[in-house]
Amino acid sequence: MVDDGFTEHPKTLSIPRTARLNAVGLWTMSGIWASRQMTDGRLTNDLVLEKGGRTTHIKALVESGLWHDETSVCMHAATRCPGIPDQRGLVFHDWYEWQRSRAQILNERKRKAAAGKAAAEPRAPAAGTNREAETKHLLRPSFNPQSTSLTHPQTIP
């Protein structure tokens, strides 16, 4: 999800107006891809060019600070930013500030799968309990379609 203040952010506004729409579109498409592929915000130049980006858009995104390339310097901790990429690589600045990491996503999936598996397993009654005796107090009224009233309650079988 893109923050609703993104279009007015100083980094976005620092992109030349003539390249801004295309650069932001490229940034968005690349972010969707990186999120779906769980790359932790890492991209390659070739992938970005395949998405329709041009070197001018890549340069604008790097110069604005929205992406890092191998020449970038980032002062943020690794808990916010995936780091400076190798040659021909790009990375989203502050990816972890706005997105979950691959490890977090996989851990959550594992936790949910285990919870789903546990919920699907039949549960044995606790030791010393008699399920039938515990439910005898539950009553179900019987209904006679020929009458408008309920007859005597029956024990649920």
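Draft legend 1. Broad picture of the packing of aromatic side chains. On inspection of all chains with the given rule, the structure shows four aromatic pairs. Here tryptophan 67 and phenylalanine 92 contribute two aromatic rings whose centre-to-centre distance is 5.6 Å and whose plane-to-plane angle is 75°, an arrangement assigned as edge-to-face. Pair noted here: tryptophan 67 is in strand E2 (residues 67–68) and phenylalanine 92 is in strand E3 (residues 89–92), with a separation of 25 residues, a long-range link. Residue tryptophan 67 shares its accessibility class with phenylalanine 92, and that shared class is buried. The structure contains a cluster of three or more aromatic residues connected by ring pairs, namely Phe6, Trp27, Trp67, Phe92 and Trp95.

Draft legend 2. Broad picture of the pattern of salt bridges. The full count for this structure, using the stated rule, is four salt bridges. With a shortest N-O distance of 3.8 Å, glutamate 63 and lysine 59 are connected by a salt bridge. Note that glutamate 63 and lysine 59 are positioned in helix H4 (residues 55–64) at a spacing of four residues, about one turn of the helix. The same class applies to glutamate 63 and to lysine 59, which are both exposed. In the salt-bridge network here, residues are joined through shared partners; they are Arg100, Glu108 and Lys112.

Calculation rules
Residue numbers here run from 1 along each chain, matching the order of that chain's written sequence. At least 70 in pLDDT is required for a residue's local features to be given in this predicted model, at least 80 for side-chain atom pairs to be given and counted, and no such filter applies to totals for whole chains, interfaces and linings, which use all residues. The side-chain quantities take in all heavy atoms of the structure and omit both hydrogens and water. Aromatic pairs are defined between Phe, Tyr and Trp rings, using the six-membered ring for Trp, whenever the two ring centres lie within 6.5 Å; interplanar angles under 30 degrees are classed as stacked, those over 60 as edge-to-face, and all others as tilted. Helix and strand assignments follow DSSP, with helices taken as H or I runs no shorter than four residues and strands as E runs no shorter than two, numbered in order from the N terminus. Burial classification: accessible surface area is computed with a 1.4 Å probe over protein chains only, and a residue below 20% of its type maximum counts as buried, one above 50% as exposed, and the rest as partly exposed. Any carboxyl oxygen of Asp or Glu that lies within 4 Å of a side-chain nitrogen of Lys or Arg is treated as forming a salt bridge with it.

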